[in-house]
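Listed here are the chains, written in short residue letters.
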Amino acid sequence: MKKLAVSFFALLLMAGPLYAEVVQTAVVVGAAADYSSGAHSVISVDPVGGPRTVKNNLVPTESDISVCAYGSHFYRIGRYQMDHVTKFDINAPETPIWQFSVLDQGEDSANPHDMVFAGPDKAYILRYGSKTAWIVNPSTTTEEGFKIGSIDLSAYDDGDGSPEMHSGVVVNDKLFVTLQQWDRSGGYGNWILNEAWLVVIDTATDTEMDTGKGNGTLKGIPLPARNPQSIQYIAENNTIYIQCAGDIST
C-alpha cells in the first residue's frame, strides 16, 4: 500500500521497574494513492540517527483517518462516514482495545477531526460536521461510559449547521479549539471560506470563556488568517501557534 499523507505523534513509554528509560515511538497513519484504504504504522524513534524498525499496514480500514496519543495509548480517528474512535496500546498496536461511535442519535456523519486530552479520564472529540463537541472518558471499557458530556458551539454556525471545529490543545486548564468556518451549504466545490475563530473552554466547567476579543454573542478570538489546520503549544515560551492554510481552492 502506497502512503500518500501521514500524521505523526510521539508516545512516551516507560520500561523498567525503577530507573526507567524513556523511549519514543512514532505512530503514523497513511492512505493508499487512490484513497481506497488506510492503515497505521509504528516506527521506532530512538536512538536519534540510529536504525529504525517499522511495522506497516496495521489494521487496514478506510482512508480518512487520523491519530492522536496520550500516555502509552494511541487513538485512531475514523472521520467522514466512519465516525468512530479506536483505542490501541503501543505495546500491542495490531489489537484494538475498543472502538466506539461518535454519533449522536439521528446524525448522518459527525466527521470527528481531533481528540484532545485533559487527562487520562477526560478528553474532547472535535466533531467537524456537528455543532457540538463531545466530552468523553478514554479510560472507559464500555460504550455506555464513553460520552460523558458535550459542548455546544452552535453560536458559530456559519450557515451550514456546524462551525467546522478542527483542532485543539489543552493548556493551563483551558481547551483552545480552532473553527475553520467553511460554509458548505452550497455543496462540494462551492464552499465559502469565512472568518476563522479560536474558542476557549474552561475545562473545569466545560463552558466557553469570554476572551474579550469577540463580538456580540461570540466570545472567542477572530483569527487574522483563515482555514486553521494545526495548533500547538510550546511550553518554553508559553505560546500557542496556529498554522493556517488560507483558501486552498485558489
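Above this text is the structure in question.
Residues numbered from 1 in each chain as written. Predicted model: local features only at pLDDT ≥ 70, side-chain atom pairs only at ≥ 80, totals over all residues. Heavy atoms only, no water.

A look at the sheet that holds strand β10 (residues 122-127)
Taken in spatial order, the 4 strands make up an open sheet running β9-β10-β11-β12, and their pairing is antiparallel. Here the strands that pair on one side only, and so sit at the sheet edges, are β9 (112-119) and β12 (147-152). The mean angle between the axes of side-by-side strands here comes to 25 degrees, regardless of whether they run parallel or antiparallel. (Pairing = 2+ DSSP bridges. Helix = DSSP H or I, 4+ residues; strand = E, 2+ residues; numbered from the N terminus. Axes fitted to C-alpha atoms, helices over the stretch in contact; angles between N-to-C directions.)

Description of the pattern of salt bridges
All chains considered together, the criterion is met by 6 salt bridges. A salt bridge links D160 to R184; its shortest N-O distance comes to 3.3 Å. Of this pair, D160 sits in the loop between β12 and β13 (165-171) while R184 sits in the loop between β15 (182-183) and β16 (192-193), and the two are 24 residues apart along the sequence. Each of D104, E107, R127 and K147 takes part in a single network of salt bridges with overlapping partners. (Salt bridge = Lys/Arg side-chain N within 4 Å of Asp/Glu carboxyl O.)

Notes on unusual backbone geometry
One can expect most non-glycine residues to show negative phi and most peptide bonds to be in trans. The omega torsion of the bond from D46 to P47 falls at -5 degrees, within 30 degrees of zero and hence cis. Turning to its location among the elements, P47 is positioned in the loop between β3 (38-44) and β4 (54-61). A positive phi is found at Q81, a non-glycine position, where the angle reads about 65 degrees. Take Q81: its relative accessible area is 40%, and that puts it in the partly exposed class. (Buried < 20%, exposed > 50% of the residue type's maximum accessible area, 1.4 Å probe, protein only.)

Thoughts on the sheet that holds strand β5 (residues 65-70)
Across the sheet, which stays open at both edges, the 4 strands sit in the order β5-β6-β7-β8 with antiparallel pairing between neighbours. The open sheet has two edge strands with one neighbour each: β5 and β8 (98-101). For this sheet, the mean angle separating the axes of adjacent strands, direction not counted, is 20 degrees. Where strand β6 (residues 73-78) and strand β7 (residues 84-89) come together, 6 bridges link them in antiparallel fashion. Looking at β7, one finds that F74 is bridged to F88.

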